[in-house]
Amino acid sequence: MNRDALLAELNEFLRIPSVSTLPAHNKDCRAAAEWVGAQLRRIGCETVEFVGSETHPVVWGKGPDVPGAPTLLIYGHYDVQPTDPLAEWITPPFEPTVRDGRLYARGAADDKGQVFCLLKAIEAGGRPAVNFRFLIEGEEEHGSEVLFALLKREPERVRADAILVADMSYVAPGWPAVYTTLRGLCYAEITVRTSKTDLHSGEYGGAAPNAHEELARLLTRLKKEDGTVNIPGFYKAVKRPPKAELAAWKKLPFNEKDFLNRRVQGKGLVGIKKYSVLERLWALPTFEIHGVLGGFTGQGAKTVIPAEATAKVSMRLVPNQKLKTVEKQLAAAVKKLAPKHVTASVRFLHGADPAQIKVESPSFKLLDQAFKEVTGRGAVRARAGGSIPVVPALSSAGAPVILTGIGLPDDRLHAPNEKLELKQLWDGIEVFARFYALFGGVRG
Ligand code: BES
Ligand code: MN
Ligand code: MN
């Protein structure tokens, strides 16, 4: 296939600013859905549906049937995360640009570039003997409400012999991976109110409570300096990975110093010191503050005691933890840890249960083989720190969910200057083309 033409096509997709969490981009999300729909028709889908929402529909496709062939459901998402801080982008997020063999754009790796790769692989290898189904959603970055509702109404949509999700990365260059767990997520806003209205800090300062100060204290009570989350019951369901798995992680190309210096690019790592960094990233739950609102943040100076302050926070959850339980635990902890003179409330925005995937079924061997043929190495078993809300629901019908991807760990997902290395894209198309051919051979 002509790489210039492919790149031009991917760039069209990347130019659509389909930021799902910002209502100002509703039209763009729809446009991205239409783009996916057009691609599905191009590869021969006789059914293409836009389901569940005008603005963020799930794009459903049913490929040309090959009688007797196995069914592969392909999942991906066309929505992307916001682009701020915009000033830090070297080239604008929705003007895809290649520098040094890397394609820079919001969504290049997460997940438009990968969806593109899965689709183009169907044409690349000559039509494989596979019954393709497609579920490409537009709300993955926002909790997947529309897709959850669809799967509840029509669970038969996920009936397949295997489900392929390419929304992750290699563990290092040259080291493809399949993932055995995903962390879950509980996203919330914690608001504290300390008085009816804002107050003059000269007239009232020294005696009136300050919402920002109370919020700061509440947040530091919820997570201690040593990294432990101080929510009663939070760790109860958490299990340490088996010894053999921890030992296998030591053989992965991961080095804590490199992680600090090249990836975090900070001065030091934090977290519960008695656990390795990989265990902290992959097998322990977290509590993070994403942003704090309230008080005066404009230009210049204003002497005011804010009456209200809000923190956006989230907790990553690990296997055996349950979103519903953690929501209750957080609400109870906030109630318990806020002093009497403060009104504290919690509002939950979205969330996801963690996922645990068995990687023993034959499809995983086929993917190993495809990776091995194309990159020289089979897929190593790893865990993922991130979340894909719908994965537990996808696997509920029993088909194995293959969590893999063609990104690299330094692709800067959700951050400025997100990129996808072109080598990863071209290799990826070959890998999936090979995988489809092998998969079609299983029963075809
Ligand atoms: N592709 C990521 C998930 C991911 C990232 C898995 C890195 C493994 C490694 C996905 O698009 C994502 O960012 N999900 C959100 C979900 C949330 C908003 C519910 C996440 O993890 O923050
Ligand atoms: Mn993604
Ligand atoms: Mn993402």
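You'll find the structure just up there.
Fair warning: this is a prediction, and the values are worked out from it, not measured in the lab.

## Digging into the site of ligand 1
Then comes step 1: Near ligand 1 lie 15 residues; those nearest to it are E140, D167, R316, S387 and H414.
Then comes step 2: One of the backbone N or O atoms of S387 is found 2.8 Å from a nitrogen atom in ligand 1.
Then comes step 3: In isolation ligand 1 exposes 510 Å². Once the protein is present, 88% of that is buried.
Then comes step 4: The residue inventory of the shell around ligand 1, partitioned by class, reads five nonpolar, five polar and five charged.

## A few points about the sheet that holds strand β12 (residues 288-294)
Then comes step 1: Taken in spatial order, the four strands make up an open sheet running β12-β14-β10-β15, and their pairing is antiparallel. Both outer strands of the open sheet, β12 and β15 (343-352), are each paired with one neighbouring strand and no more. Put simply, the sheet's adjacent strands are angled 15° from each other on average, direction ignored.
Then comes step 2: Note: strand β10 (residues 184-193) against β15, nine bridges, orientation antiparallel. Looking at β15, one finds that E189 is bridged to R347.
Then comes step 3: Contacting β10, β14 (308-317) and β15, helix α9 (residues 323-337) crosses the sheet at an angle of about 165° to β15.

## Examining the pairing of strand β18 (residues 401-404)
Then comes step 1: Alternating residues of β18 divide into V401 and L403 and I402 and T404, and every residue in both groups is buried.
Then comes step 2: Across four bridges, strand β7 (residues 162-166) lies against β18 in parallel orientation. In the sheet register, I163 faces β18, and the bridge partner there is V401.

## With respect to the coordination of the manganese ion (ligand 2)
Then comes step 1: Taken together, H77 (NE2), D110 (OD), D167 (OD) and D167 (OD) make up the protein donors of the manganese ion (ligand 2), found 2.0 to 2.3 Å from the metal.
Then comes step 2: Of note is the manganese ion (ligand 2), whose six donor atoms meet at the metal with angles of 58 to 165° in an arrangement that counts as irregular.

## Section: unusual backbone geometry
Then comes step 1: In this chain, D84 is followed by P85 through a cis amide linkage whose omega measures -5°.
Then comes step 2: Turning to its location among the elements, P85 is positioned in the loop between β3 (71-77) and β4 (97-99).
Then comes step 3: Between D110 and D111 the backbone carries a cis peptide bond, its omega angle lying at 0°.
Then comes step 4: In this structure, D111 sits in the loop between β5 (102-104) and α3 (112-124).
Then comes step 5: Phi is positive for N320, close to 85°, though the residue is something other than glycine.
Then comes step 6: Along the polypeptide, N320 turns up in the loop between β14 and α9.

## As for the nonpolar core
Then comes step 1: Residues L72, F134, L135, L394, F432, F435 and Y436 are the most contacted members of the largest nonpolar core, which totals 97 residues.
Then comes step 2: Among the elements that make up this core, the one with the highest residue count is helix α12 (residues 422-443) (eleven residues).
Then comes step 3: If we ignore the near neighbours within four places in the chain, the residues touching F435 are L72, L164, S363, L366, L367, A370 and I402.
Then comes step 4: Among the nonpolar cores identified, the runner-up in size contains 26 residues, and C186, A188, L215 and V326 belong to it.

## Looking at the coordination of the manganese ion (ligand 3)
Then comes step 1: Protein-derived ligands of the manganese ion (ligand 3) are D110 (OD), E141 (OE), E141 (OE) and H414 (NE2), with the metal-ligand distances lying across 2.0 to 2.7 Å.
Then comes step 2: Every donor counted, the six donor atoms about the manganese ion (ligand 3) form angles of 53 to 156° at the centre, which fits irregular coordination.
Then comes step 3: One chain supplies every donor for the manganese ion (ligand 3), spaced along it as D-x30-E-x272-H.
Then comes step 4: A distance of 3.6 Å spans the gap from the manganese ion (ligand 3) to the manganese ion (ligand 2), which D110 bridges by coordinating each metal. Taken together, the residues span a long stretch of sequence, with E141 in the loop between β6 (131-137) and α4 (145-153) and H414 in the loop between β18 and β19 (419-421) at a distance of 273 residues.
Then comes step 5: What makes E141 buried here is its relative accessible area of 12%.

## Points about the state of the cysteines
By definition, a disulfide links the sulfur atoms of two cysteine residues through a covalent bond.
Then comes step 1: Under the defined criterion, the tally for this structure stands at zero disulfides.
Then comes step 2: Cysteine C45 remains unbridged, with the sulfur of C117 as its closest cysteine sulfur at 17 Å.
Then comes step 3: On the basis of relative accessibility, which here comes to 8%, the residue C45 falls in the buried class.

## With respect to the side chain of T194
Then comes step 1: Within the secondary structure, T194 sits in the loop between β10 and β11 (199-200).
Then comes step 2: A polar side-chain atom of T194 sits 3.3 Å from the main-chain amide nitrogen of A211.
Then comes step 3: Residue contacts for T194: discarding those within four places in its chain leaves P209, N210, A211, E214, P306, A307, H341 and V342.

Definitions and cut-offs
Residues numbered from 1 in each chain as written. Chains lettered and ligands numbered in written order. Predicted model: local features only at pLDDT ≥ 70, side-chain atom pairs only at ≥ 80, totals over all residues. Heavy atoms only, no water. Near = heavy atom within 4 Å. Polar contact = N/O pair within 3.5 Å; in protein donor to acceptor, adjacent residues only side chain to side chain. Areas by Shrake-Rupley, 256 points an atom, 1.4 Å probe, with all protein chains shown as cover. Nonpolar A, V, L, I, M, F, W, Y, C, P; charged D, E, K, R; others polar. Pairing = 2+ DSSP bridges. Helix = DSSP H or I, 4+ residues; strand = E, 2+ residues; numbered from the N terminus. Axes fitted to C-alpha atoms, helices over the stretch in contact; angles between N-to-C directions. Contact = heavy atoms within 4.5 Å. Buried < 20%, exposed > 50% of the residue type's maximum accessible area, 1.4 Å probe, protein only. Donors = N, O, S within 2.8 Å, 3.2 Å for Na, K, Ca; no water. Tetrahedral: all angles 85-135°; square planar, octahedral: opposite > 155°, others 65-115°. Core = buried A, V, L, I, M, F, W, Y, C linked by side-chain atoms within 4.5 Å. Disulfide = S-S within 2.5 Å.

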